[in-house]
Amino acid sequence: MLGFFSCLEMFPSKWSLWLFLLYITLFVNQGWLVTKSQKSDNKYNYDTEIAVFLTEGIKLFVCIVGYSFQHGFLSIVSETSRNTRVAALYFVPAGLYCIYNNLSYINLSTFDPTTYFLALQLRVVATGVVFQVIFNKKLSGKQWFSLVLLTAGCMLKVINFGDAPVEIAQQAQGKQLSLSASFSSMLLLLQVACSCLAGVYNEYLLKSHSENLSLYLQNIFQYLDSIICIVIILTFGGNINKLFDHETYVPFNNIKVFLVIFNNAAIGIVTSFFLRYLNSILKTFASGLELVFTAILSRVLFSIPIYLNTVLSIFVVTVATVIYSQNPVSTAKVRGKEDREKLLEKSESIV
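From a predicted model like this one, the values you see are computed outputs, not experimental measurements. Per-chain numbering applies: the sequence of each chain, read as written, is numbered from 1 onward. Owing to the predicted nature of the model, reporting of local features is limited to residues with pLDDT of at least 70; listing and counting of side-chain atom pairs is limited to 80 or more, with chain, interface and lining totals taken over all residues. Calculation of side-chain values draws on the structure's entire complement of heavy atoms; hydrogens and water are dropped beforehand.

(A) Fine view of the overall build of the protein. Across its full length, the protein holds 17 helices and two strands. Exposure categories follow from relative accessible area, calculated using a 1.4 Å probe and restricted to protein chains: below 20% of the type maximum is buried, above 50% is exposed, and the middle band is partly exposed. Expressed as a percentage of the 351 residues in the protein, the buried residues total 53%. Here a residue-residue contact requires only that any non-hydrogen atoms of the pair lie within 4.5 Å. Considering only intrachain contacts with a sequence separation of at least 6, the fraction spanning at least 24 residues in the protein is 84%. The protein chains shown are the only cover counted for residues, whose accessible areas, like all others here, come from Shrake-Rupley with a 1.4 Å probe. In the form shown here, the protein has an accessible surface area of approximately 15,900 Å², with 67% of it arising from carbon and sulfur atoms. Secondary structure elements follow DSSP: runs of H or I of four or more residues count as helices, runs of E of two or more count as strands, with numbering from the N terminus.

(B) Focus on the environment of Leu224. Among the structural elements, Leu224 can be located in helix H12 (residues 215-236). Considered as a pair, Leu224 and Phe61 are 163 residues apart in the sequence and their alpha carbons are 10.0 Å apart.

(C) Summary view of the nonpolar core. In plain words, nonpolar cores are sets of buried Ala, Val, Leu, Ile, Met, Phe, Trp, Tyr and Cys residues tied together by side-chain atoms within 4.5 Å. With 65 residues, the main nonpolar core has Tyr46, Tyr105, Tyr116, Phe221, Phe252 and Phe274 as its most contacted residues. For Tyr116, the contacting residues outside a window of four places in its chain are Tyr100, Ser104, Asn107, Leu108, Phe111, Leu188 and Gln191. Counting residues in each nonpolar core, the second largest holds nine residues, with Phe131, Ile134, Cys196 and Val200 among its members.

(D) Here's a closer look at the pattern of salt bridges. Each salt bridge in this description consists of a side-chain nitrogen of Lys or Arg and a carboxyl oxygen of Asp or Glu lying within 4 Å of one another. One pass over the structure, following the stated rule, counts five salt bridges. The closest approach of N and O atoms between Glu56 and Lys59, which form a salt bridge, is 3.0 Å. Here Lys59 and Glu56 lie together in helix H3 (residues 48-71), a separation of three residues that amounts to about one turn. The residue Glu203 makes a salt bridge to Lys207 at a minimum N-O spacing of 2.8 Å. Remark: Lys207 and Glu203 occur in helix H11 (residues 183-208); sequence separation between them is four residues, near one turn of the helix. The two residues Glu203 and Lys207 agree in class, both being buried.

(E) Representation of the state of the cysteines in the model. Any two cysteine sulfur atoms lying within 2.5 Å of each other are counted as a disulfide. Per the counting criterion, the structure on display carries zero disulfides. Cys196 forms no disulfide, and the closest cysteine sulfur to it belongs to Cys194, at a distance of 9.9 Å. Accessibility expressed as a relative area gives 5% for Cys196, which makes it buried. Of all cysteine sulfurs, the one in Cys98 lies closest to Cys229, which takes part in no disulfide; the gap is 5.7 Å.

(F) Structural detail: the side chain of Gln30. Relative to the helices and strands, Gln30 resides in helix H2 (residues 14-36). Residues in contact with Gln30, not counting those within four places in the same chain, are Val260, Asn263, Asn264 and Ile267.

(G) Expanded view of the packing of helix H6 (residues 91-108) against H11. Fitted lines through C-alpha atoms serve as axes, helices being fitted only where they are in contact, and the angles separating the N-to-C directions of these axes extend from 0 to 180 degrees. Viewed as axis vectors pointing N to C, H6 and H11 meet at an angle of 145 degrees, and their least axial separation amounts to 8 Å. Considering the relative orientation of H6 and H11, their crossing is left-handed. Among the residues forming the contact of H6 with H11, the class breakdown is 16 nonpolar, seven polar and no charged. Left-handed describes a crossing whose near helix is turned anticlockwise from the far helix by less than a right angle; the clockwise case is right-handed. Any residue that is not Ala, Val, Leu, Ile, Met, Phe, Trp, Tyr, Cys, Pro, Asp, Glu, Lys or Arg is counted as polar, Gly included; the first ten are nonpolar and the last four charged.

Here it is, written out as structure tokens:
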């Protein structure tokens, strides 16, 4: 009976459960779609910066259409002018997500999908710390135990228990199967940090303005800020001309590349709903469950071997998820004018 009420607290509606499952499905898809879009040398025949730009453009278009159906297109301009401060605050998660998305292409060309997703779970404990600071909500002992156990499960992946030859343990089809003291691993850790900070801060903004701003409008702010960040990066990198070169977009006619962009855009939109109606802690556990399906798909689609370290890692991650489900973080929204004002003040102080 206790487990039943914990499940109700974690998923207060059937809709939220489907949102949880959709989030996992889209992220698992992204790992193998990006890998499938790579050439035999693990590189891409399309520009990944332009891929991120197109992804943000699709998300922006979808949210503009969604908001226009509810409130009318012209109200976007008036609401934006009245909420310029909120729009400016969204530059923080927009910039972090911009870095995260670009690093995802780089790291998936270096690491196999299972190692990639396992390494991303290192954000779990960091997310717990940031979540407590921003939302001023202490996690229970069981919640912290499940977070630490989840992190330990991820770290098991880097241990060779002797069933994998050293040279195979390091690479499969040119991919690294573990973290090491290398620049590539540092980039993956940077992606972990961006994911943690962007996720919690984005949830913070979504919930602190949930009663006076449409979710679609907040997404419009973020995706427009993301496009501006990408333009700034391209400008400083001397690559701004790529945006206006027809040849740059030719590789995107490929169905594999189109699916990568479309799926990534869907992830962004679903994530915003996830953070508004659920929370960042549950999001990290959804990411942990991705490992089971990613490992299986990697074995089936890419013949990437599954060794004892992967099996143990997945087992521990699953146990951690079960423990967390018995005492989940409440998904309650921020209520009341005083709470919203406190969140806004803290939000501005962070910027």
